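Listed below are the residues making up each chain.
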Amino acid sequence: MAGIYERLGVRTIVNAKGSATRLSGAILPEEVAQAMAEASQSCVDIAELQAAAGAIIAEATGAEAGYVTSGAAAGLLLGTAACVTGLDPGRMNRLPDTAGMKNEVVMPRSQRNFYDHAVRAAGVRIVEVGLPDRFSGAGVRDAEPWEIADAITERTAAVHFVAQPWSRPPLADIVRIAHAAGVPVLVDAAAQLPPATNLRRFIAEGADLVVFSGGKALRGPQASGILCGRRDLVMAAALQHLDLDIDWPLWSPPPGLIDKRLLAGAPHHGIGRPCKVGREEIVGLITALRLFLAADPEARRAAWHVQLATIADGLGGLPGLTARLDGSGEVPLLHLVLDHDAKLGAAELAERLQRGDPPIHVDHARLSENILRCNPTCLKPDQPAIVARRVRELLT
Ligand SMILES: *Cc1c(COP(=O)(O)O)cnc(C)c1O
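This part covers the domain arrangement of the protein. Domain annotation for the protein reports domain 1 (4–21 + 296–395) and domain 2 (43–294). Summarising the inter-unit geometry, the C-alpha centres of domain 1 and domain 2 are found 34 Å apart. Listed as interface residues are 6 residues of domain 1 and, on the opposing side, 8 residues of domain 2. When domain 1 packs against domain 2, the two sides together hide about 580 Å² of surface, and 47% of this comes from carbon and sulfur. When the buried area of domain 1 at its contact with domain 2 is split by residue, Ser19, Arg300 and Glu330 rank highest and sum to 66% of it. Our count for the contact surface shared by domain 1 and domain 2 stands at 0 salt bridges. Across the domain 1-domain 2 interface, the total number found is 1 residue pair in polar contact (both at pLDDT 80 or more). Of the residues contributing to the side of domain 1 that touches domain 2, the split by class is 1 nonpolar, 2 polar and 3 charged.

Attention now goes to the pattern of salt bridges. Summed over all chains, the structure comprises 19 salt bridges. With a shortest N-O distance of 2.6 Å, Glu128 and Arg112 are connected by a salt bridge. Of this pair, Glu128 sits in strand β4 (residues 125–129) while Arg112 sits in the loop between β3 (104–108) and α6 (117–120), and the two are 16 residues apart along the sequence. You can call Glu128 partly exposed: its relative accessible area is 30%. Overall, the relative accessible area of 29% leaves Arg112 in the partly exposed class. A salt bridge links Glu280 to Arg279, with the nearest nitrogen and oxygen atoms 3.0 Å apart. Overall, Arg279 belongs to the partly exposed group, its relative accessible area being 23%. Salt bridges sharing partners connect three or more residues here, namely Arg109, Arg112, Asp116, Arg120 and Glu128.

Another point: unusual backbone geometry. Note: most residues except glycine have negative phi, and most peptide bonds are trans. Following Leu95, the chain continues to Pro96 via a peptide bond in cis, the omega torsion being 10°. As for its placement among the helices and strands, Pro96 is situated in the loop between α5 (89–94) and β3. With omega at 0°, the peptide bond leading from Asp357 into Pro358 counts as cis. The backbone of Arg219 shows a phi angle near 60°, a positive value even though the residue is not glycine. Looking at where Arg219 falls in the secondary structure, it is placed in the loop between β7 (209–213) and β8 (225–229). Take Arg219: its relative accessible area is 35%, and that puts it in the partly exposed class.

Take the packing of helix α2 (residues 30–39) against helix α11 (residues 279–294) next. The contact between α2 and α11 brings their axes to 8 Å, and the two run at 150°. As judged from the angle between their axes, α2 and α11 are roughly antiparallel. Relative to α11, the crossing made by α2 is right-handed. Counting all contacts with α2, which are made through Glu31, Val32, Ala35, Met36 and Ala39, the residues of α11 involved are Arg279, Glu280, Glu281, Val283, Gly284, Thr287, Ala288 and Leu291.

On to the packing of aromatic side chains. Counted by the stated rule, this structure contains 1 aromatic pair. Aromatic side chains Trp248 and Trp251 sit 5.6 Å apart centroid to centroid with 50° between the ring planes, which places their arrangement in the tilted category. Of note, Lys260 hangs over the ring of Trp248, and the distance from its end group to the ring centre comes to 4.6 Å.

Side chains of strand β6 (residues 185–188) alternate between two faces, with Val185 and Val187 and Leu186 and Asp188 buried alike. Of the strand pairs in this sheet, strand β5 (residues 156–162) and β6 are connected by 4 bridges, and their pairing is parallel. Along β6, the bridge assignment pairs His160 with Leu186. Chirality of the crossover, the property in question, places the unit of β5, helix α8 (residues 171–180) and β6 among those that are right-handed.

The rules behind the values
- Numbering of residues starts from 1 in every chain and runs along the sequence as written.
- Where totals are concerned, whole chains, interfaces and linings use all residues; where local detail is concerned, this predicted model gives features only for residues with pLDDT of at least 70, and gives and counts side-chain atom pairs only at 80 or more.
- Note: side-chain values were computed over all heavy atoms of the structure, leaving out hydrogens and water.
- Each domain span listed reflects an automatic or database assignment of domains.
- Any two residues whose heavy atoms approach within 4.5 Å at even a single point are treated as in contact.
- Accessible surface is computed with a 1.4 Å probe, and the buried area is the amount of it that two parts give up when combined, taken over both parts together.
- The working definition used for a salt bridge is a side-chain nitrogen of Lys or Arg within 4 Å of a carboxyl oxygen of Asp or Glu.
- Here a polar contact is taken to be a pair of N or O atoms separated by no more than 3.5 Å, where protein atoms must pair a possible hydrogen donor with a possible acceptor and residues adjacent in sequence count only if both atoms sit in side chains.
- In this classification, Asp, Glu, Lys and Arg are treated as charged, Ala, Val, Leu, Ile, Met, Phe, Trp, Tyr, Cys and Pro as nonpolar, and every other residue, Gly included, as polar.
- Secondary structure elements are defined from DSSP: runs of H or I of at least 4 residues count as helices, runs of E of at least 2 residues count as strands, and each element is numbered from the N terminus.
- Here's how the labels work: a residue is buried when its accessible area is under 20% of the maximum for its type, exposed when over 50%, partly exposed in between, all with a 1.4 Å probe on protein chains only.
- Axis angles are defined between N-to-C directions and span 0 to 180 degrees, where every axis is a line fitted to C-alpha atoms and, for a helix, only to the segment in contact.
- Every angle not falling under 35 degrees, over 145, or within 65 to 115 is termed oblique; those three ranges are roughly parallel, roughly antiparallel and roughly perpendicular.
- Left-handed describes a crossing whose near helix is turned anticlockwise from the far helix by less than a right angle; the clockwise case is right-handed.
- Pairing of aromatic rings covers Phe, Tyr and Trp, the last counted by its six-membered ring, and requires centre-to-centre distances within 6.5 Å; plane angles under 30 degrees mean stacked, over 60 mean edge-to-face, and any other angle means tilted.
- Placement of a positive charge over a ring is assigned whenever Lys NZ or Arg CZ falls within 6 Å of the ring centre and within 35 degrees of the normal to the ring plane.
- Strand pairing follows a simple DSSP-based rule, namely that at least 2 bridges must link the two strands.
- The handedness of a crossover follows from its direction of travel: if, with the strands pointing away from the viewer, the path from the first strand over the helix to the second runs clockwise, the crossover is right-handed.

As structure tokens, then:
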């Protein structure tokens, strides 16, 4: 019988771009897919499942508590909401109306990005700090620690930090300043895996909440993510995420996740309810996390190198094209550098690759330099040869 995508009339693609959401994320290890299928065959109390998953996440991250979200962006919304409301069910019910609450989130201007829409969705205003004046070539500074301190007021719900190897100021400085003012720090570390050590790093540096994507290098379900950090904040996030269509006397949430004794009452469906998480995602994420932690990073990297070498080997001797391996990042990339001798420019080549059969998607972050990049993380074993053959056809 034809496969599911064939029956739907949807083409499968060769993904040399990596685990982008628009290209449907990572390819799940067989064990993850099987765990999700098995999970789908029984009903459970979803809060109990979240508590069990949270304990595993806490163990893996060194955080007090963990929770499975529908993605890193959902984690930003839930985490921000938790910082605004604390454990006050009345405030939870009023979001995204934050009148009378702490409703500002401070962040370095250089770290603004379109995922911070998820922060703003909780009903807060972002207060930008600092000018990255090295952008102009005139200066060397980014936001400075004292400027963060200067921007924190009694309205500040959180400081938001987006983790990249080049993020400034360093997280440790931000944590020191925010904590001196009693303000929590929320870290977006969506794509900071590997290395696996980053699972613990931001918590160890003092972050109060950290989010990771489940559907990127973790190779979990595309609609999954991790929120981890302080127990009270994870509890506040869970309360604004879980289906709380419950009767108070009958409600006995798992104490590891929600301590009912701390609550004046249960909030109604919270601001996070539209980004609900199914049992399949929770089980899939936890299975993927375990596999990721057990994997040998050297072996994984060696396998990626083999994939890229197969592409490079198939492209030798093409006029106008130099294939150059870039091993500087956590994930090695193959740069296809085009010059005027090439039959097509990078943009045209990328477009033709996408239009072919099967469609091939490559990374076009450096299109303006006439470079296409191949990322090995979502390529199946037979696909590097397909990429090389097609590029060769198009450039010959
Ligand atoms: C991918 C990404 C996100 C969104 O992650 P999802 O898991 O797709 O919700 C947020 N922030 C950054 C920096 C990312 O790279």
